[in-house]
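Each chain is listed here by its residues.
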Amino acid sequence: MTTTQKRWTRSGLAVVSALLLAGCSGAPAPSSTAEPGSAAGADSASQAEAEAYECNGRFIDPETYHAGVRADRLPEADAAGIAAAVEDVGGAAMDGDLSAWIIAVQATDSVTMLHPLEAEGDYEVVIVDRMDELPATGEPGWILTSSASCTLALDPSPLTSAEVALDPAAAPDADSTRLALLVTERDCNSGRDAEGRIEVVSLEETEDAVLIRVAVRPHEGEGAFTCQSNPPTPFTVELSEPLGDRELLDGSLVIPQPIPVQPELGL
């Protein structure tokens, strides 16, 4: 059995964002929408603002995100229906009322909302869809269709996103000029690695930090892939000078975070 993945396009989001911003006034964005820290540098922050964002495969226009339009500014009937949909499942997916949620994507029959979590750049993301006939009542209304968490990332299109970690068997030290990474493809790949398809999108070295952004090149041509977990792929990045005491940051995230060490198998 194969799984087909659907992605939001940037052009589609541009239309949605224009309608959203034209129809609602923005409230101040929550603290977790702050610009990337000083370690990333001003150039990295500007680059992040210019690119599309993604949250668990849902692509978000930066203008909409930074406008911080709250879900309680939806039309009254829609807001009431969305609140009722969440209440029907015990409210477990929603932390706080609609005023605590940012509208990330809005269409006639679907709304995607983000709620900031404790760690900066992390969000709970929920999707509510409008149905002509709700299963419980047979009447039209809204229903909660998805609830998950994510770390807001830069959309690498036409490449695809990946998780990056340090190889515990070759942890870098101050003298290292080669970084041994383990890169895990997020897209469906039938449980295989991404050998030969990993690319360095950007490598920024400053006095205080090294920001590495990697992504995966999609397979050429058509093909169907099953969606079990993919194994990490070893990948080496060359630095222009020894690492020293500089911090290693994942530059694929809107707010860059330290690159973790991959847990060893069995731990």
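The model shown is predicted, which means the values in this text are computed figures rather than measured ones.

Within the protein, the secondary structure is distributed over four helices and 14 strands. Looking at the protein as a whole, 43% of its 267 residues qualify as buried. Considering only contacts in the protein between residues 6 or more positions apart, those separated by 24 or more positions represent 66%.

Nonpolar side chains in soluble globular proteins generally cluster together in the buried interior. Ranked by size, the top nonpolar core spans 18 residues in total, and within it Leu-179, Leu-181, Val-183, Ile-198, Ile-212, Val-214 and Leu-248 carry the most contacts. At the level of secondary structure, the elements contributing two or more residues to this core comprise strand 8 (162-166), strand 9 (178-185), strand 11 (209-216) and strand 12 (233-238). When residues in this core are grouped by element, the largest group, four residues, is from strand 11. Sequence-distant contacts of Leu-181, that is, excluding residues within four places in its chain, are made with Val-164, Ala-165, Leu-166, Asp-167, Ile-212, Thr-233, Pro-234, Phe-235 and Val-237.

Time to look at the packing of aromatic side chains. Applying the stated criterion across every chain yields a total of two aromatic pairs. Aromatic side chains Tyr-53 and Tyr-65 sit 5.4 Å apart centroid to centroid with 75 degrees between the ring planes, which places their arrangement in the edge-to-face category. Taken together, the residues Tyr-53 in strand 1 (residues 53-55) and Tyr-65 in helix 3 (residues 62-67) connect sequence positions 12 residues apart. Taking the centre distance of 6.1 Å and the plane angle of 80 degrees together, the rings of Tyr-65 and Tyr-123 count as edge-to-face. Taken together, the residues span a long stretch of sequence, with Tyr-65 in helix 3 and Tyr-123 in strand 5 (residues 122-131) at a distance of 58 residues. Of the two residues, Tyr-65 and Tyr-123, neither departs from the other in class, the shared state being buried. Ring pairs connect the aromatic residues Tyr-53, Tyr-65 and Tyr-123, which therefore count as one cluster.

The subject of this paragraph is the side chain of Ser-176. In this structure, Ser-176 sits in the loop between strand 8 and strand 9. At 2.8 Å, the side chain of Ser-176 forms a polar contact with the backbone nitrogen of Asp-173. Those residues in contact with Ser-176, other than ones at most four positions away along the chain, are Leu-239, Glu-241, Pro-242 and Leu-243.

Moving on, we get to the environment of Pro-158. Position of Pro-158 relative to the elements: it lies in the loop between strand 7 (153-154) and strand 8. Put simply, Pro-158 and Pro-218 are 60 residues apart on the chain and 8.0 Å apart in space, counted from C-alpha to C-alpha.

Before going further, it helps to examine the state of the cysteines. Scanning all chains against the criterion turns up two disulfides. Covalently, Cys-188 is tied to Cys-227 through a disulfide, its sulfur atoms 1.7 Å apart. Every disulfide takes its handedness from the sign of the S-S torsion; for Cys-188 and Cys-227 that torsion is 90 degrees, giving right-handed. Placement of Cys-188 in the loop between strand 9 and strand 10 (198-205) and of Cys-227 in the loop between strand 11 and strand 12 is noted, with a sequence separation of 39 residues between them. Given a relative accessible area of 12%, Cys-188 falls into the buried group.

Definitions and limits used
- Residues numbered from 1 in each chain as written.
- Predicted model: local features only at pLDDT ≥ 70, side-chain atom pairs only at ≥ 80, totals over all residues.
- Heavy atoms only, no water.
- Helix = DSSP H or I, 4+ residues; strand = E, 2+ residues; numbered from the N terminus.
- Buried < 20%, exposed > 50% of the residue type's maximum accessible area, 1.4 Å probe, protein only.
- Contact = heavy atoms within 4.5 Å.
- Core = buried A, V, L, I, M, F, W, Y, C linked by side-chain atoms within 4.5 Å.
- Phe/Tyr/Trp six-rings, centres within 6.5 Å; stacked < 30°, edge-to-face > 60°.
- Polar contact = N/O pair within 3.5 Å; in protein donor to acceptor, adjacent residues only side chain to side chain.
- Disulfide = S-S within 2.5 Å.

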